[in-house]
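An overview of the molecular structure
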Amino acid sequence: MAVSISVNGQVHQSDAAPDTPLLYVLRNDLGLNGAKYGCGVSQCGACTVIIDSKATRSCVTALSETGGRRITTLEGLLSNGKAHALQQAFIDEQAAQCGYCANGMIMTAKTFLDRNPNPSEAQVRKALAANFCRCGTHNRIVRAVLRAAKATASATGRVSVATEGDRKSTRL
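Attention in this report is confined to the structure presented alongside it. Note that the structure is a prediction, hence the values are computed from the model and not measured. (Residues numbered from 1 in each chain as written. Predicted model: local features only at pLDDT ≥ 70, side-chain atom pairs only at ≥ 80, totals over all residues. Heavy atoms only, no water.)

**Some points on the packing of helix 3 (residues 102–115) against helix 5 (residues 138–156)**
Inclusion rule: The convention used is that axes are lines fitted to C-alpha atoms, helices contributing only their stretch in contact, and that angles between N-to-C directions extend from 0 to 180 degrees. Helix numbers and strand numbers start at the N terminus; a helix is a DSSP run of H or I with at least 4 residues, a strand a run of E with at least 2. An angle counts as roughly parallel when it lies under 35 degrees, as roughly antiparallel when it exceeds 145, as roughly perpendicular when it falls between 65 and 115, and as oblique in every other case. In this scheme the handedness of a crossing depends on how the near helix is turned from the far one: anticlockwise by less than a right angle means left-handed, clockwise means right-handed. Two residues form a contact once any of their heavy atoms are found within 4.5 Å. All amino acids are sorted into three groups, where Ala, Val, Leu, Ile, Met, Phe, Trp, Tyr, Cys and Pro are nonpolar, Asp, Glu, Lys and Arg are charged, and the leftover types, Gly among them, are polar.
Where helix 3 contacts helix 5, the two axes come as close as 11 Å, and the packing angle between them is 40°. Relative to helix 5, the element helix 3 is oriented oblique. In the crossing of helix 3 with helix 5, the sense of the turn from one axis to the other is right-handed. Seen from helix 3, the contacting residues are Met105, Ala109 and Leu113; seen from helix 5, they are His138, Ile141, Val145, Ala148 and Ala149. For the contact of helix 3 with helix 5, the per-class residue count stands at 7 nonpolar, 1 polar and no charged.

Spelled out as structure tokens, the structure:
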């Protein structure tokens, strides 16, 4: 029985078994390779996607749980071929060394910034604490998230609420 899923604004039909992890459907059936297989037990964050505005580990989310819900992958953050502010900030800060964690970091940061558009460094670190980066680029990742928040605030005309005293330098 085919399951209908909405991914990046497009409806797709999948003939995969209902208990198939969403990650497998995204990568194998839809060719969306942003989400990565890291641990398979929801511990590392490499497989993170956004489902109905919530960062969700796709390696442990069954296909049957996704019907009628909006799924956004890393590829879905692009707008008219232009990188999302977070994607661009990761590039500008050279936040990915091997890049394996980048998907999870970006997708988690996206939902975090949607809820908290003007975070402090400590808030960013806490929001990303459950995502693992084995290369050790956490400081650059944090800088990228703060850069994206600032860029988004500038683009939307939002006034910064946090003071500079609230923000500590992430430079080593």
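Moving on from the coordinates now.
**Looking at the environment of Phe112**
Keep this limit in mind: The cut-offs for exposure are 20% and 50% of the maximum accessible area for each residue type, with area from a 1.4 Å probe on protein chains only; residues under the lower value are buried, those over the upper are exposed, and the others partly exposed.
Residue position: Phe112 is located in helix 3. Judged by its relative accessible area of 9%, Phe112 falls in the buried class. Put simply, Phe112 and Asp92 are 20 residues apart on the chain and 20 Å apart in space, counted from C-alpha to C-alpha.

**Points about a nonpolar patch on the surface**
Cut-off, in case you're wondering: For patch detection, residues must exceed 30% relative accessible area and be free of salt bridges, and they are connected within 9 Å for like charges or within 5 Å for nonpolar side chains (Val, Leu, Ile, Met, Phe, Trp, Tyr). Here, Shrake-Rupley sampling with a 1.4 Å probe gives the accessible areas, and only protein chains in the shown set may cover a residue. A pair is scored as a salt bridge if a Lys or Arg side-chain nitrogen falls within 4 Å of a carboxyl oxygen belonging to Asp or Glu.
A cluster of nonpolar side chains, namely Tyr24, Tyr37 and Tyr100, defines an oily patch on the protein surface of about 310 Å² accessible area. Tracing the sequence through the fold places Tyr100 in the loop between helix 2 (85–92) and helix 3. Judged by relative accessible area, Tyr100 falls into the partly exposed class, the value being 41%.

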